[in-house]
Amino acid sequence: MALGMVLTVENVSKQFGGLHAVQGVSFGLEENEVLGLIGPNGSGKTTMLNLISGAYKPSAGRIALYGKDISGSSANAIATMGVARTFQIVRMLPSLTVLENVAAGGVFGHGRRWGQELEESARSLLTRVGLKNAEDAPVSVLTYIDQKRVELARALISDPKVLLLDEWLAGLSASELETGIALIKELRAEGRTIIVVEHVMDAIRSLCDRCIVMNSGAKIAEGAPKNVLADSEVIRAYLGTADA
Amino acid sequence: MLETRNLSVFYGRHRAVEDVSVTVSKGEVVVMLGANCAGKSTFLRAVSGLTPVMTGGSVVLDGRDITHHPPHAVVEAGIALVPEDRGVFGDLTAHENLILGAHPRRARPHQAQNLDRVLSLFPKLAERRKQVVRTMSGGEQQMVAIGRAMMSAPSILMLDEPSLGLSPLLCSELFRALARVKETGVGILLVEQNAKQSLAIADRGYLLDNGHIAAADSAEALSRDEKVKRAYLGAG
Amino acid sequence: MTAREKRYLVLGGLVFVAVAFLPFADTGYWLSLGISIAMYTVLATSWALFSGPTHYISLATAAFFGLGMYVAGVGVDLLPFPVLVLLAAAGGAVLAAVVGLATLRLSGVYFVIFTLGLAELVRQIVTWVQTTMGSSSGLYVLTGITEPMIYWQLLALAALVFLVGWWIGRSRLGFALRIIGNDEVVAAHSGINTARVKVMLFVISGTVAAVTGAILAPRWTYIEPTIAFSAMISFQVVIMALLGGAHRLWGPLLGVIPFTFLSDQISANFPNQTTLLFGVAFLLIVYAIPNGVVGLVENLLQGRKWRSG
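Residues numbered from 1 in each chain as written. Chains lettered and ligands numbered in written order. Predicted model: local features only at pLDDT ≥ 70, side-chain atom pairs only at ≥ 80, totals over all residues.

> Would you mind showing me how to read the overall build of chain C here?
Across its full length, chain C carries 15 helices and two strands. Taking 309 residues into account, the globule formula puts the C-alpha radius of gyration at 19 Å, and chain C, at 20 Å, falls close to it. Dimensions along the principal axes, computed over C-alpha positions, put chain C at roughly 70 × 50 × 40 Å. Expressed as a percentage of the 309 residues in chain C, the buried residues total 44%. Relative to all contacts within chain C whose residues are 6 or more apart in sequence, the contacts with residues 24 or more apart total 79%. (Helix = DSSP H or I, 4+ residues; strand = E, 2+ residues; numbered from the N terminus. Rg over C-alpha atoms; globule rule 2.2 N^0.38 Å. Buried ≥ 20, exposed ≤ 12 C-beta atoms within 10 Å, placed from the backbone. Contact = placed C-beta atoms within 7 Å.)

Here you go:
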């Protein structure tokens, strides 16, 4: 079953001034698995994604991608190795059109392309995330949820091997959620390895092979979703009730 | 009481909100459900004066017409909005963000009192008063945004997807906090995807579809409605 | 290349050929004005190549310009002039690369202040070197290069800058710059080496400014640090580029032409109130056309499209 480790996080910590955002977290990510990263607000999940994507450098510890140490690498170098992400609060490029916002992800780095080829992939990805007919609109007219769709398309255009999704499903209605979950399953079927940060437990249960629970910057539980979500510590710190 | 009559918003030729009439009384929670492009956010922005509305519609607060008022005048009149993107000031501390919320003349004399109330609703903000908001987690920023709106001592509080990005535990805490806000006599207009929990604390609800009010009923009746169940509550 | 692009290219070429005939019509007032326009067109256009999309406001133009002028001034009796121009280009490129690597991680206002300080620093160093090594603070640049020759050199440089700008605009590099100008975090996470792209563009504009300085050195015959490194050059370049519109390749040109005429009229008619009137004129223009001349032109075109559509 173990197809090899894509990512290994060893004893990683991150401090901001006196604030310990992540403290001594270790875990591995296997090829083609979907890993859920859950935990209370402020527990360090997004910081963890930022450390993996190179937005932050760890204060201590080591992160390796395909065996290569990336702890000190820049975000663009890590993106070029095939890691793409979305952001918890969407980051649109306001002076570019919707199509250009998507194309931006594929100009340099992993899966780079240009011209007709880039434009066509951007178009087909917009269709895939459910956003046809908006290509030439300024991105500011889109709703928040549609902007999240643009952001996923921008991540996918680099044909990433590892995809980091930061609360991409948040804010979807029940029926949209089903479509969203199906889309992430498809991405996995294409061979991608995915980390999802989510608060939507239905999504975590149906998507993830494994879950890591963080609290106050530390890992407090790891395992299959059904076991982890039944853990009394997790219920106390995160879920509140047995079934949220 | 907040009342809108035949409120319409157009973006170019695109109709985002058409003839929407709703009421929100003091001490009442009203939830607005709808798909993600149904026009809910636009409606809240229109009430707040952030998006121009078509002539013919009106926004009335406690018998006073505040249609076409600029956003600061709407806040001064007593309506506060917590926008979907939160709109917190990232480089300021949590405390400074909250104090800024008390800027309306109406709210200034009661600043200390309102601050105590906000901090008792969100105890975590008391712990993190001196933290720069940019370094806070998404959920904590959401609390700052709601707290700041509460600092203006509104008679009507409008929230656009406040549970977005909150952990299950915080989410339940948020809805409990909103129920407590309601008890202080504030009227709450809530736009939410979390239909289950929002209907649980709501008195009434509206369904917005494609810019129109498609249904209006008590929260209890809406949560039993088959269509609502399918579209918003999920199969499970 | 699309048919439309070809049309623009041919049209642009014809304009260059036409204005190249200016020295045959007049070698006095109009040629002198033509040289000013050509000089500021080159400086403002190359400035906007970097600062337009990235929004990094550089006030270092005078540092590069003065450096180029001094390379020409010092070497004028030792080396052939074309070699001096190449040396100035190399000097400008190296200075821009060093400064860019050191400062482009500074954001917003800190970058602006640093670049302003840079020009002053270079000026002070040159002054110090001259007064300790030589006797006077100035340099004589005596050559057989005439005004028309300076004008043609500037025109050729302007044509080169426009071609480079046009190429960048349609290349990956240009798109990467626009992404950086919108959000550097997104740019980096999209695999763009933001530092490298910014330094590359900063080097291009620094090189062009240094070459401009070298070309203009013979015109002034006597140069000294206060003239060559005058902060006014940096400010005027920024003002003209923003006045025209820094987000279009041809935008700065639309700022340079009216502003040069205006400043010429003001300094000729009101020699004692020049700075005051400059300021007033600038305020009025910004108030009347906040989006620059390009914005005005685009609005007019847009309006026409709507009426006809």
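Additional details are given in the paragraphs that follow.
> Can you help me understand the overall build of chain B in this one?
Along its length, chain B carries 10 helices and 10 strands. Against the globule reference of 18 Å for 236 residues, chain B gives a C-alpha radius of gyration of 17 Å, in line with a compact fold. Here chain B holds 236 residues, and 50% of them are scored as buried. Sequence separation of 24 or more characterises 68% of the internal contacts of chain B that already satisfy a separation of 6 or more.

> Help me understand unusual backbone geometry in this model?
One non-glycine residue, H68(B), adopts positive backbone phi at about 65°. Within the fold, H68(B) resides in the loop between β5 (64–65) and α2 (71–77). The backbone of H55(C) sits at a positive phi, close to 65°, despite the residue not being glycine. In this structure H55(C) comes out as partly exposed when scored by C-beta crowding, with 14 C-beta atoms within 10 Å.

> I would appreciate a short explanation of the interface of chain C and chain A in the present structure.
When the parts of a complex come together, some accessible area is lost, and that lost area is often used as the size of the interface. Listed per partner, the contact involves 16 residues of chain C and 21 residues of chain A. Those elements giving two or more residues to the side of chain C that touches chain A turn out to be α8 (172–182) and α9 (184–189) of chain C. The element best represented in the side of chain C that touches chain A is α8(C), accounting for six residues. Split into classes, the residues belonging to the side of chain C that touches chain A amount to seven nonpolar, six polar and three charged. (Nonpolar A, V, L, I, M, F, W, Y, C, P; charged D, E, K, R; others polar.)

> Before we go on, may I ask you to explain the interface of chain A and chain B in this structure?
Contacts between chain A and chain B engage 26 residues on the former and 28 residues on the latter. In terms of residue count, helix α6 (residues 174–189) of chain A provides more of the side of chain A that touches chain B than any other element does, three residues in total. Of the residues that constitute the side of chain A that touches chain B, the class distribution is 13 nonpolar, 10 polar and three charged.

> Can you walk me through the nonpolar core in this structure?
Ranked by internal contacts, the top residues of the largest apolar core, which has 245 residues, are L154(C) and A214(C). Considering every element that reaches this core, the biggest residue donor is helix α10 (residues 194–220) of chain C, with 14 residues. The residue makeup of this core includes at least three contributed by each of domain 1 (1–82 + 161–244) and domain 2 (84–159) of chain A. When residues no more than four places from it in sequence are discounted, the contact partners of L154(C) are I35(C), A38(C), M39(C), V42(C) and I215(C). (Core = buried A, V, L, I, M, F, W, Y, C linked by C-beta atoms within 7 Å. Domains from an automatic or database assignment.)

> What exactly am I supposed to notice about the sheet that holds strand β8 (residues 193–197) of chain A here?
In sheet architecture, strand pairing relies on hydrogen bonds along the backbone and comes in two forms, parallel and antiparallel. Residues and elements named next belong to chain A. A sheet is described by the order of its strands in space; here six strands give the open sequence β6-β7-β8-β3-β9-β10, paired in mixed fashion. With partners counted over all chains shown, the strands left at the sheet margins are β6 (83–85) and β10 (218–223), one partner each. Between one strand axis and the next, the sheet turns by 20° as a mean value, whatever way the strands run. Relative to β8, strand β3 (residues 34–38) is paired through four bridges, and the arrangement is parallel. When the bridges of β8 are listed, L35 appears paired with I195. (Pairing = 2+ DSSP bridges. Axes fitted to C-alpha atoms, helices over the stretch in contact; angles between N-to-C directions.)

> Where do I start with helix α4 (residues 111–121) of chain B in this structure?
For the α-helix, the turn length of 3.6 residues means that residues three or four positions removed from each other point alike. All names here are of chain B. Regarding α4, the residues found buried are N114, L115, V118 and L121. One face of α4 carries all of its buried residues, which in axial projection span an arc of 125°. More than 90 degrees from the buried face of α4, the exposed residues found are A112, Q113, D116 and S120. Buried residues along α4 sit in contact with α3 (94–101), α5 (123–127), α6 (138–151) and α7 (168–183). (Arc of directions from axis to C-beta.)

> When you look at the arrangement of the chains in this model, what are you seeing that I'm missing?
Here two pairs of chains are in contact, and chains A and B lead that list by number of contacts. One finds no contact between chain B and chain C; the C-alpha atoms of the two approach each other to within 13 Å at their closest.

> How do you make sense of helix α4 (residues 61–75) of chain C when you look at a structure like this?
In this model, α4(C) (15 residues) spans 21 Å end to end at C-alpha, consistent with the 21 Å of a helix rising 1.5 Å per residue. Counting buried residues along α4(C), 13 of its 15 residues qualify, which places the element largely inside the surrounding structure. (Expected span 1.5 Å × (residues − 1).)

> Which parts of the structure should I look at to understand the pairing of strand β3 (residues 29–33) of chain B?
In regular strands, side chains alternate between the two faces of the sheet. Residue and element names in this part refer to chain B. Of all five residues in β3, five are buried, a share of seventy percent or more. Along β3, one buried face is formed by V29, V31 and L33 and the opposite face, lined by V30 and M32, is buried too. For β3 and strand β8 (residues 187–191), the ladder comprises four bridges, and the chain directions are parallel. Its bridge partner lying in β8, M32 is registered against V191. Looking at chain direction, β3 and strand β9 (residues 204–209) are connected through four bridges and run parallel. Across the sheet, the residue bridging to V30 is R204, located in β9.

> How should I be thinking about the environment of I70(A) in this particular structure?
All names here are of chain A. Take I70: it is sitting in the loop between β5 (68–69) and α2 (75–80). Classification of I70 by C-beta neighbours within 10 Å gives buried; the count is 22. Excluding anything up to four places from it in sequence, I70 contacts G54, I63, A64, L65 and I78.

> Help me understand the packing of α4(B) against α6(B) in this model?
When two helices pack together, their arrangement is given by the angle between their axes and by how far apart the axes lie. Residue and element names in this part refer to chain B. It is at 9 Å that the axes of α4 and α6 come closest, and there the two elements cross at 150°. In this view, α4 runs roughly antiparallel relative to α6, as classed from their interaxial angle. Note on packing geometry: the crossing formed by α4 with α6 is right-handed. Contacts from N114, L115, R117 and V118 of α4 reach α6 at G147, M150 and M151. Partitioning the contact of α4 with α6 into residue classes produces four nonpolar, two polar and one charged. (Parallel < 35°, antiparallel > 145°, perpendicular 65-115°, else oblique. Left-handed = near helix turned anticlockwise from the far one by under 90°.)

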